[in-house]
Amino acid sequence: MDQDKHQRLQGLYNNKKSLEDLQASGGWKMLKSSIDEQCRARRVSVFQNRITDLDKCFELATLQGEVAGMQFAGALLEILLHDINVDINGLLTQAREEEEDEQHSASDNE
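Student: Help me understand the overall build of the chain in this model?
Tutor: Broken down by element type, the chain carries three helices and zero strands. For the chain, the α and β elements follow one another from N to C terminus as α-α-α. Expected size for 110 residues packed as a compact globule is a radius of gyration near 13 Å; at 23 Å, the chain overshoots this value by more than 25%. Expressed as lengths along the three principal axes of its C-alpha atoms, the size of the chain is roughly 80 × 30 × 15 Å. Here the contacts in the chain between residues at least 6 apart in sequence split such that 75% fall between residues at least 24 apart. Taken as a whole, the chain presents about 8000 Å² of accessible surface, with 52% of it coming from carbon and sulfur. Charge separation in the chain, taken as the distance between the mean sites of 12 positive and 21 negative side-chain charges, equals 14 Å.

Student: I would appreciate a short explanation of the packing of helix α1 (residues 3-24) against helix α3 (residues 54-109) in the present structure.
Tutor: Two quantities define a packed helix pair, namely the angle between the axes and the distance from one axis to the other. For the pair α1 and α3, interaxial distance at closest approach is 10 Å and the crossing angle is 155°. What the angle tells us is that α1 and α3 run roughly antiparallel. By crossing handedness, the relation of α1 to α3 is classed as left-handed. Between α1 and α3, the contacting residues are Lys5, Arg8, Leu9, Leu12, Tyr13, Asn15, Lys16, Leu19, Glu20, Leu22 and Gln23 on the first element and Leu77, Glu78, Leu80, Leu81, Ile84, Asn85, Asp87, Ile88, Leu91, Leu92, Gln94 and Glu98 on the second. Residue classes in the contact of α1 with α3 are distributed as twelve nonpolar, four polar and seven charged.

Student: Which parts of the structure should I look at to understand a nonpolar patch on the surface?
Tutor: Among the surface-exposed residues, Phe72, Leu76, Ile79 and Leu80 lie close enough to one another that they form a single nonpolar patch of about 320 Å² accessible area. Along the chain, leucine 80 turns up in helix α3.

Student: Is there a simple way to think about the nonpolar core in this case?
Tutor: Within soluble globular proteins, side chains that are nonpolar generally end up buried alongside one another. Leu9, Leu12, Leu19, Trp28, Leu77, Leu81, Ile84, Ile88 and Leu91 together form the largest nonpolar core, which totals nine residues. Those elements giving two or more residues to this core turn out to be α1 and α3. Examining the composition of this core, we find that five residues originate from one element, α3, more than from any other. In this structure isoleucine 88 touches Leu9, Leu12, Tyr13 and Lys16, once residues within four positions along its chain are discounted.

Student: Honestly, a negative patch on the surface in this entry has me stumped. Any pointers?
Tutor: Together, Glu97, Glu99, Glu100, Asp101 and Glu102 give the surface a local cluster of negative charge. Looking at the element boundaries, glutamate 102 is found in helix α3.

Student: It is not clear to me how the pattern of salt bridges should be interpreted in this structure. Could you clarify?
Tutor: Oppositely charged side chains are able to pair whenever their charged atoms sit close together. Within this structure, the stated rule accounts for seven salt bridges. For aspartate 2, the salt bridge identified is with lysine 5, shortest N-O distance 3.6 Å. On the basis of relative accessible area, aspartate 2 is assigned to the partly exposed category, the value being 38%. Taking the shortest distance from any N to any O, the salt bridge between aspartate 36 and lysine 32 comes out at 3.1 Å. Residue aspartate 36 and its partner lysine 32 are located together in helix α2 (residues 26-48), separated by four residues, close to a single helical turn. With relative accessibility at 29%, the residue aspartate 36 sits in the partly exposed group. When its relative accessible area of 27% is taken as the criterion, lysine 32 is described as partly exposed.

Criteria and thresholds
- Residues numbered from 1 in each chain as written.
- Predicted model: local features only at pLDDT ≥ 70, side-chain atom pairs only at ≥ 80, totals over all residues.
- Heavy atoms only, no water.
- Helix = DSSP H or I, 4+ residues; strand = E, 2+ residues; numbered from the N terminus.
- Rg over C-alpha atoms; globule rule 2.2 N^0.38 Å.
- Contact = heavy atoms within 4.5 Å.
- Areas by Shrake-Rupley, 256 points an atom, 1.4 Å probe, with all protein chains shown as cover.
- Lys, Arg positive; Asp, Glu negative; His and termini not counted.
- Charge placed at Lys NZ, Arg CZ, Asp CG, Glu CD.
- Axes fitted to C-alpha atoms, helices over the stretch in contact; angles between N-to-C directions.
- Parallel < 35°, antiparallel > 145°, perpendicular 65-115°, else oblique.
- Left-handed = near helix turned anticlockwise from the far one by under 90°.
- Nonpolar A, V, L, I, M, F, W, Y, C, P; charged D, E, K, R; others polar.
- Patch = residues over 30% accessible without salt bridge, like charges linked within 9 Å, V, L, I, M, F, W, Y side chains within 5 Å.
- Salt bridge = Lys/Arg side-chain N within 4 Å of Asp/Glu carboxyl O.
- Core = buried A, V, L, I, M, F, W, Y, C linked by side-chain atoms within 4.5 Å.
- Buried < 20%, exposed > 50% of the residue type's maximum accessible area, 1.4 Å probe, protein only.

And the structure:
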């Protein structure tokens, strides 16, 4: 594996560790619990209200937007970890393929 790929891989592993540490922290668990609680409260409000006029429609749409945003914020850590794992696997696969190509080239030259 060349130096550039090695550095990129090391950076990805460092980022992954930082995100995993954040995910395991009490602060994140408390924030995630609060996000889930706020989403539930807003969903209840959306489902309990009837649309009686245009203002009520906008109010409910706003609540639904808030729920979507909070759900995204709550899922962002998992999304980032998934993306980092995909990048790590991609780099490792690329390095392995390059190594195999080099081995095949060396054996063809013999």
